[in-house]
Amino acid sequence: MALMQVLNSTKAIPSSNPYGFSRFFSKSSLFVAKVGIPEFLKGVGNGVETHVAKLESEIGDFQKLLVTRTLKLKKLGIPCKHRKLILKYTHKYRLGLWKPRAESVKT
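Every value quoted in this text rests on a predicted model; they were computed, and no experiment measured them.

Some thoughts on the overall build of the protein chain
Along the protein chain, the regular secondary structure elements total six helices and zero strands. Counting from the amino terminus, the protein chain carries its helices and strands in the arrangement α-α-α-α-α-α. Burial analysis of the protein chain (107 residues in total) assigns 26% to the buried set. Counting contacts in the protein chain only where the partners sit at least 6 residues apart, residues at least 24 apart contribute 55% of the total. For the protein chain, the exposed surface amounts to about 8,600 Å²; the carbon and sulfur share of it is 58%.

Shown next as structure tokens:
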């Protein structure tokens, strides 16, 4: 009986969102609009950005970096930890789970 009252009372609350809370986006976009190899590697961090020149000269395009395999990165002389980070974040980027953040403007 008490369960029915609780269920009936929750249905009476009007809500535009089925989850019961509203979404607020008060901040502007914190992500880089156009992503290239330098922005991507800077977003990954941990020293991976040191390989920007090497990757831009050998791979060239960001879309090619997204499908690059570990053996290609190994032949370019990129250390194992950096290869793992690059491959991890390219996979997340392809799935739409991660994007490099824009640099915050300091005033």
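Now that the structure is up, let's keep going.
A closer look at the side chain of Arg83
Looking at the element boundaries, Arg83 is found in helix α6 (residues 80-95). There is no salt bridge for the buried Arg83, and the closest opposite charge comes from Glu58, which lies 15 Å off by N-O distance. Within the structure, the side chain of Arg83 is placed 2.7 Å from the backbone oxygen of Ile78, a separation counted as a polar contact.

Points about the packing of aromatic side chains
Per the counting criterion, the structure on display carries five aromatic pairs. Look at Phe62 and Tyr93: their rings are 5.2 Å apart centre to centre, the planes differ by 80°, and that puts the pair in the edge-to-face class. Of this pair, Phe62 sits in helix α4 (residues 62-66) while Tyr93 sits in helix α6, placing them 31 residues apart in sequence. Residue class for Tyr93 comes out partly exposed when judged on its relative accessible area of 21%. Each member of the aromatic cluster is reached from another via a ring pair, and the members are Phe40, Phe62, Tyr89, Tyr93 and Trp98.

Let's talk about the packing of helix α2 (residues 37-44) against α6
For any two helices packed against each other, the geometry comes down to the angle between their axes and how far apart the axes lie. Across the interface, α2 lies against α6 with an axial gap of 10 Å and an inter-helix angle of 110°. On the basis of their axis angle, the class for α2 and α6 is roughly perpendicular. On α6, the residues that touch Phe40, Leu41 and Val44 of α2 are Leu85, Ile86, Tyr89, Thr90 and Tyr93. Residues of the contact of α2 with α6, tallied by class, amount to seven nonpolar, one polar and no charged.

Some remarks on α6
The end-to-end C-alpha separation of α6 is 23 Å, in line with the 22 Å expected for 16 residues at 1.5 Å each. For α6, the set of buried residues is His82, Arg83, Leu85, Ile86, Tyr89 and Thr90. Down the axis of α6, the smallest arc covering the buried residues is 165°, so these residues share one side. Exposed side of α6, more than 90 degrees from the buried face: Lys81, Lys84 and Leu95 are the residues found there.

What counts and how
Starting afresh in each chain, residues are numbered from 1 along the sequence in its written order. With the structure being a predicted model, the display of local features is reserved for residues of pLDDT at least 70 and the display and counting of side-chain atom pairs for 80 or more, all residues being used for whole-chain, interface and lining totals. Values shown for side chains rest on all heavy atoms present in the structure; no hydrogens or waters enter the calculation. Per the convention used, a helix needs a DSSP run of H or I reaching at least four residues, while a strand needs a run of E reaching at least two, with both numbered from the N terminus. Per-residue accessibility, obtained with a 1.4 Å probe over protein chains only, is compared with the maximum for each type, and a residue is labelled buried under 20%, exposed over 50%, and partly exposed between these values. Residue contacts follow a heavy-atom distance rule, with two residues in contact if any of their heavy atoms lie within 4.5 Å. Using a 1.4 Å probe, the Shrake-Rupley method yields the accessible areas, and only the shown protein chains count as cover for residues. Counting rule for charge: Lys and Arg are taken as positive, Asp and Glu as negative, and neither His nor the chain ends is counted. Any carboxyl oxygen of Asp or Glu that lies within 4 Å of a side-chain nitrogen of Lys or Arg is treated as forming a salt bridge with it. Contacts described as polar in this section are N or O atom pairs within 3.5 Å, which, within protein, must combine one atom able to donate a hydrogen with one able to accept it, while residues neighboring in sequence count only if both atoms come from side chains. Centres within 6.5 Å make a pair out of two Phe, Tyr or Trp rings, where for Trp the six-membered ring is used; the pair is then stacked when the planes are under 30 degrees apart, edge-to-face when over 60, and tilted otherwise. Think of each axis as a best-fit line through the C-alpha atoms, taken over the contacting stretch in the case of a helix, with angles from 0 to 180 degrees between the N-to-C directions. Note on angle classes: values under 35 degrees are labelled roughly parallel, values over 145 roughly antiparallel, values of 65 to 115 roughly perpendicular, and the remainder oblique. Side-chain classes follow a simple rule in which Ala, Val, Leu, Ile, Met, Phe, Trp, Tyr, Cys and Pro form the nonpolar group, Asp, Glu, Lys and Arg form the charged group, and the remainder, Gly included, forms the polar group. One less than the residue count of a helix, multiplied by 1.5 Å, gives the span that helix is expected to have. This arc describes the spread of directions from the helix axis toward the C-beta atoms.

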